[in-house]
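Architecture and fold: a report
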Number of protein chains: 2
Amino acid sequence: MLTIEVDFGSDRPVYRQIAEQFRGLVARGDLIDGEELPSVRQLAANVGVNLNTVAKAYRILADEGLVDLRHGSRARVLGGARARAPEVEELERELGDVISRLVLQGRGREEVQAFFETAVERFFER
Amino acid sequence: MLTIEVDFGSDRPVYRQIAEQFRGLVARGDLIDGEELPSVRQLAANVGVNLNTVAKAYRILADEGLVDLRHGSRARVLGGARARAPEVEELERELGDVISRLVLQGRGREEVQAFFETAVERFFER
DNA sequence: GTATACTGTCCGCATACAGTATACAATCGG
DNA sequence: CCGATTGTATACTGTATGCGGACAGTATAC
């Protein structure tokens, strides 16, 4: 069974948290082309939110081209090509902020590098 | 003069964008202990927002221990120690999402690593 | 000392967003 | 065809974002 977890204390909206987690699952190949996502009601009950909150997450994924949404049928993972080059700048900015926070925690350049390498490690090795 | 730029089209609230930029300036040492920040009105007029929006950004920085806010005096940068270890998990999650997005753009492990190294480079070498 | 111009703060309002409840519409399986 | 299951649309509540104006502390000139 698919484990999606939500932190209600977070300032990040629930529907984005859900979308992020599915994005991660697709990115690392845990969900492959054609695979069905849980129904919005199923997952909503599981997570403890309203079905529309899950639906909103699915729509984000659909907009990104990660899943195929069809009214009446279950959402399916799309293995096809995606891109979104314009978001590169956004990622750079986001990374910059992460670096700032790490530095303000007292970490030096080496430690920041190590932190990043560990993150990449965790993502790919599993 | 200090350059703070805001993207009104972004989905990220303006006051957070402002806080992030100051956080970056402090992290890389462009703003040092004791230095004064622009007044909320000055910066607000400069950026094109209401003074309260800037004030909210300053309060975030104050909560993080980066600036000293005193009613009637200008906000000053605090060079002292900060930490916030609990936010490490948040950073890890955020990094994980960045990796997912890069991978979904078709980048492999090496390319993700390179992207990160470039970001670190940009931060420290300047 | 005190008038005055500066500083950040508080309060109320308008609008947009997050999340819910409920009804609707499309698809699937008998 | 019909019921169950799926995603969708609408109406509603609470919260967050951002603005405007009034308030309160601080600094400086006199």
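Residue numbers run consecutively from 1 along every chain, following the written order of its sequence. In the order they appear in the text, chains get letters beginning with A and ligands get numbers beginning with 1. Only residues with pLDDT of 70 or above have their local features reported here, since the model is predicted, and side-chain atom pairs are shown and tallied only from 80 upward, although totals for entire chains, interfaces and linings are computed over all residues. Side-chain measures were taken over the full set of non-hydrogen atoms in the model, leaving aside hydrogen atoms and water.

**Some words on the overall build of chain A**
Labels follow the DSSP assignment, with helices taken as runs of H or I lasting at least four residues and strands as runs of E lasting at least two, numbered in each case from the N terminus. For chain A, the count of helices and strands is five helices and two strands. Starting at the N terminus and walking to the C terminus, you meet the elements of chain A as α-α-α-β-β-α-α. With the principal axes as the frame, chain A shows a C-alpha extent of 50 × 35 × 30 Å. Only heavy atoms matter for contacts: two residues are in contact if any of them lie within 4.5 Å across the pair. Partitioning the contacts of chain A with sequence separation of at least 6, the portion at a separation of at least 24 is 47%. Note on areas: Shrake-Rupley with a 1.4 Å probe; residue coverage comes only from the protein chains shown. For chain A, the exposed surface amounts to about 6900 Å²; the carbon and sulfur share of it is 47%. In this count, Lys and Arg are taken as positive residues and Asp and Glu as negative ones, while His and the chain termini are left out. A charge is said to be at NZ when it belongs to Lys, at CZ for Arg, at CG for Asp and at CD for Glu. Between the averaged position of the 18 positive side-chain charges in chain A and that of its 22 negative side-chain charges there is a distance of 6 Å.

**Some words on the relation of the copies chain B and chain A**
When the copies are overlaid, the least-squares fit takes in C-alpha atoms only where the residue has pLDDT of at least 70 in both copies. Mapping chain B onto chain A leaves a residual RMSD of 0.1 Å; the transformation is a rotation of 179° accompanied by 0.0 Å of translation along its axis. On the angle and the small slide along the axis, the relation comes out as a two-fold axis. A share of 98% of interface residues in chain B that are also interface residues in chain A marks the association as one of identical surfaces.

**Quick look at the protein's contact with DNA strand C**
Consider each residue's heavy atoms; a residue with any of them within 4 Å of a molecule or strand counts as near. Around DNA strand C, the structure places 26 residues, and the nearest of them are Tyr15, Asn50 and Asn52 of chain A together with Arg41 and Asn52 of chain B. Expressed as a percentage, the sugar and phosphate content of the atoms of DNA strand C within 4 Å of the protein is 59%. As used in this structure description, the phrase polar contact means that two N or O atoms lie within 3.5 Å; if the pair is within protein, one of them must be able to donate a hydrogen and the other to accept it, and residues adjacent in sequence are counted only when both atoms belong to side chains. Note that a phosphate oxygen of DNA strand C is positioned 3.1 Å from one of the backbone N or O atoms of Val14 of chain A. Between DNA strand C and His71 of chain B there is a distance of 2.9 Å, counted from a base nitrogen to a side-chain nitrogen or oxygen. Elements with a contribution of two residues or more to the surface near DNA strand C: helix 1 (14-27) and helix 3 (51-63) of chain A together with helix 2 (40-47) and helix 3 (51-63) of chain B. Gly is placed with the polar residues, together with every amino acid not listed as nonpolar (Ala, Val, Leu, Ile, Met, Phe, Trp, Tyr, Cys and Pro) or charged (Asp, Glu, Lys and Arg). Broken down by class, the residue content of the surface near DNA strand C amounts to 10 nonpolar, 12 polar and four charged.

**A look at the domain arrangement of chain A**
Its domain assignment divides chain A into domain 1 (14-77) and domain 2 (85-124). For every domain, the bounds stem from an assignment made automatically or drawn from a database. Each of domain 1 of chain A and domain 2 of chain A was reduced to a C-alpha centroid, and the two centroids are 27 Å apart.

**Describing the protein's contact with DNA strand D**
Lining the immediate environment of DNA strand D, one finds 25 residues, of which Arg41 of chain A together with Tyr15, Asn50, Asn52 and Thr53 of chain B sit closest. Ser73 of chain A is positioned such that a nitrogen or oxygen atom in its backbone is 3.5 Å from a sugar or linking oxygen of DNA strand D. Between a phosphate oxygen of DNA strand D and a side-chain N or O atom of Tyr15 of chain B, the distance comes to 2.6 Å. When residues of the surface near DNA strand D are traced back to their parent elements, those giving at least two are helix 2 (40-47) and helix 3 of chain A together with helix 1 (14-27) and helix 3 of chain B.

**Regarding the environment of Arg41 of chain B**
Tracing the backbone through its elements, the reader meets Arg41 of chain B in helix 2. In this structure, the C-alpha to C-alpha distance between Arg41 of chain B and Val54 of chain B, residues 13 residues apart in sequence, is 8.0 Å.

**Considerations on helix 3 of chain A**
Residue and element names in this part refer to chain A. Given a helix with a known number of residues, its expected span is that number minus one, times 1.5 Å. The terminal C-alpha atoms of helix 3 lie 18 Å apart, and with 13 residues this matches the ideal 18 Å at 1.5 Å per residue to within 8%. For helix 3, the complete set of buried residues consists of Val54, Ala55, Ala57, Tyr58 and Leu61. Projected down its long axis, helix 3 carries its buried residues within an arc of 160°, all on one side. In helix 3, the exposed positions angled more than 90 degrees off the buried face are occupied by Asn52, Arg59 and Asp63. With a 1.4 Å probe rolled over the protein chains alone, any residue whose accessible area is under 20% of its type maximum counts as buried; one over 50% counts as exposed, and the rest are partly exposed. In this description, one arc is meant: the one made by directions from the helix axis to the C-beta atoms.

**What to know about the packing of aromatic side chains**
All names here are of chain A. We call Phe, Tyr and Trp rings a pair once their centres come within 6.5 Å, taking the six-membered ring for Trp, and we label the pair stacked below 30 degrees between planes, edge-to-face above 60, and tilted otherwise. Enumeration according to the criterion identifies five aromatic pairs over all chains in this entry. Look at Phe22 and Tyr58: their rings are 5.7 Å apart centre to centre, the planes differ by 85°, and that puts the pair in the edge-to-face class. Placement of Phe22 in helix 1 and of Tyr58 in helix 3 is noted, with a sequence separation of 36 residues between them. Judged on exposure class, the residue Phe22 and its partner Tyr58 are both buried. Only when the NZ atom of a Lys or the CZ atom of an Arg is both within 6 Å of the ring centre and within 35 degrees of the ring normal do we say a charge sits over the ring. Across from the ring centre of Tyr15, 5.0 Å away, lies the NZ or CZ of Lys56, which sits over that ring.

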